[in-house]
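Fold and geometry: a report
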Amino acid sequence: MNSAIIGGSGFQGLIPANAEKVCVSTEYGDATLWEEKVNENSIFYLLRHEKGHTVPPHLINYRANITALKKVGVTQIIGLYGVGSITSMVIPGNLGLIDQFIDLTNNRISTFYDTLNEPFEHTPMVFPYSRRLRVLLANKAKELRIPLSLKGTYVCTNGPRLETPAEITMYRRLGADYVGMTAATETILANELHIEFAGLVYSMNWAAGLDAEGISFIEKEITEKAVDQLTLLAKETLS
Ligand code: HPA
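The following paragraphs examine the structure supplied in this document. The model shown is predicted, which means the values in this text are computed figures rather than measured ones.

Close to the ligand lie Gly-82, Val-83, Gly-84, Leu-162, Glu-163, Val-179, Gly-180, Met-181, Met-204 and Asn-205. For the ligand, a nitrogen atom lies 3.3 Å from a polar atom in the backbone of Gly-84. Glu-163 is positioned such that a nitrogen or oxygen atom in its side chain is 2.8 Å from a nitrogen atom of the ligand. Protein coverage of the free-state accessible area of the ligand, which is 260 Å², stands at 93%. Elements with a minimum of two residues in the shell around the ligand: strand S5 (74-85), strand S9 (178-180) and strand S10 (196-206). Here the shell around the ligand takes 3 residues from S5, the largest share from any one element. Broken down by class, the residue content of the shell around the ligand amounts to 5 nonpolar, 4 polar and 1 charged.

So this is what it looks like as structure tokens:
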């Protein structure tokens, strides 16, 4: 079974030294993947903001990325995300699994069904994150002694700007635990292509207005530790 890990902000070091670059062309454009052979299978790595963190959230070619992973035979994906905390479900520096999202984006195409006169599906979103993968991740976190919140609701904003405190107050009232700019889009597209998907977050900050400074980010060493733990957890689960 081929797998994939998609890394976001902070995951510039995600690609293992032994992985080989694979360029995949799709009807939506090209995607760059890195392939690591593990036993009989492969883990494909993808940096959604590209090397050097140069592609903002609303300009990521999500459809090319997910289509490319489908084309190389990926059947399960773990997405890794930096987020801002809205509740104490996952506080800055800590890690968690996503179990629900609220999609507030309107500046990107979040479906493969965008043509007339073609068959389409109303893809169910009751369980947008694979229950099987979530159990595997929870068990692996326990085994590795990595503290992990087992649920949380991710609100996905347009970006690239951060939020106002008034928006964060509204998102909290809507039931969101943390905020980011990419997870809902990847989750929807993977589900449309029937690829099992799980999302792991680490919190980089209290969301706007929730700390004394207005907004401030965790220190470099704490970021590195969280990123290393999430990467290890994803890899060990898929290997
Ligand atoms: N808002 C949106 N996205 C984010 C944040 C935030 O505060 N922190 C990390 N990604």
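Still more to cover.
Before going further, it helps to examine the packing of aromatic side chains. Evaluated as defined, the whole model comprises 7 aromatic pairs. Here Phe-11 and Tyr-202 contribute two aromatic rings whose centre-to-centre distance is 5.8 Å and whose plane-to-plane angle is 75°, an arrangement assigned as edge-to-face. Residue Phe-11 is found in the loop between strand S1 (2-7) and strand S2 (20-26), and its partner Tyr-202 is found in strand S10; the two are separated by 191 residues along the sequence. An identical accessibility class is assigned to Phe-11 and Tyr-202; each is buried. An aromatic cluster is present here, built from Tyr-81, Tyr-154 and Tyr-178 joined pairwise through their rings.

Counting through the fold element by element, Glu-35 comes out in strand S3 (residues 29-38). For Glu-35, a relative accessible area of 18% corresponds to the buried category. A polar contact of 2.6 Å, which involves the side chain of Glu-35, links it to the side chain of Ser-42. Residues in contact with Glu-35, not counting those within four places in the same chain, are Asn-18, Ala-19, Glu-20, Val-22, Ser-42, Ile-43 and Phe-44.

For the rest of this paragraph, the subject is the pattern of salt bridges. The full count for this structure, using the stated rule, is 8 salt bridges. Close ionic contact of Asp-114 with Arg-63 constitutes a salt bridge, the shortest N to O distance being 3.1 Å. Note that Asp-114 is positioned in the loop between strand S7 (100-103) and helix H2 (131-144) and Arg-63 in helix H1 (residues 62-71), a separation of 51 residues in sequence. Judged by relative accessible area, which is 43%, Asp-114 ranks as partly exposed. Classification of Arg-63 by relative accessible area gives buried; the value is 11%. For the salt bridge of Arg-132 with Glu-196, the shortest nitrogen-to-oxygen distance reads 2.9 Å. Within this pair, whereas Arg-132 is found in helix H2, its partner Glu-196 is found in strand S10, the two being separated by 64 residues in sequence. Its relative accessible area of 27% is what places Glu-196 among the partly exposed residues.

Two packed helices can be described by the angle between their axes and the distance between those axes. For the pair H1 and helix H4 (residues 183-192), the least separation of the axes is 10 Å and the interaxial angle reads 45°. Relative to H4, H1 is oriented oblique. For the element pair H1 and H4, the recorded crossing hand is right-handed. Note on element contacts: H4 touches H1 through Thr-185, Glu-186, Leu-189 and Ala-190, opposite Tyr-62, Arg-63 and Ile-66. Residues of the contact of H1 with H4, tallied by class, amount to 4 nonpolar, 1 polar and 2 charged.

Reading the values: the criteria
Residues numbered from 1 in each chain as written. Predicted model: local features only at pLDDT ≥ 70, side-chain atom pairs only at ≥ 80, totals over all residues. Heavy atoms only, no water. Near = heavy atom within 4 Å. Polar contact = N/O pair within 3.5 Å; in protein donor to acceptor, adjacent residues only side chain to side chain. Areas by Shrake-Rupley, 256 points an atom, 1.4 Å probe, with all protein chains shown as cover. Helix = DSSP H or I, 4+ residues; strand = E, 2+ residues; numbered from the N terminus. Nonpolar A, V, L, I, M, F, W, Y, C, P; charged D, E, K, R; others polar. Phe/Tyr/Trp six-rings, centres within 6.5 Å; stacked < 30°, edge-to-face > 60°. Buried < 20%, exposed > 50% of the residue type's maximum accessible area, 1.4 Å probe, protein only. Contact = heavy atoms within 4.5 Å. Salt bridge = Lys/Arg side-chain N within 4 Å of Asp/Glu carboxyl O. Axes fitted to C-alpha atoms, helices over the stretch in contact; angles between N-to-C directions. Parallel < 35°, antiparallel > 145°, perpendicular 65-115°, else oblique. Left-handed = near helix turned anticlockwise from the far one by under 90°.

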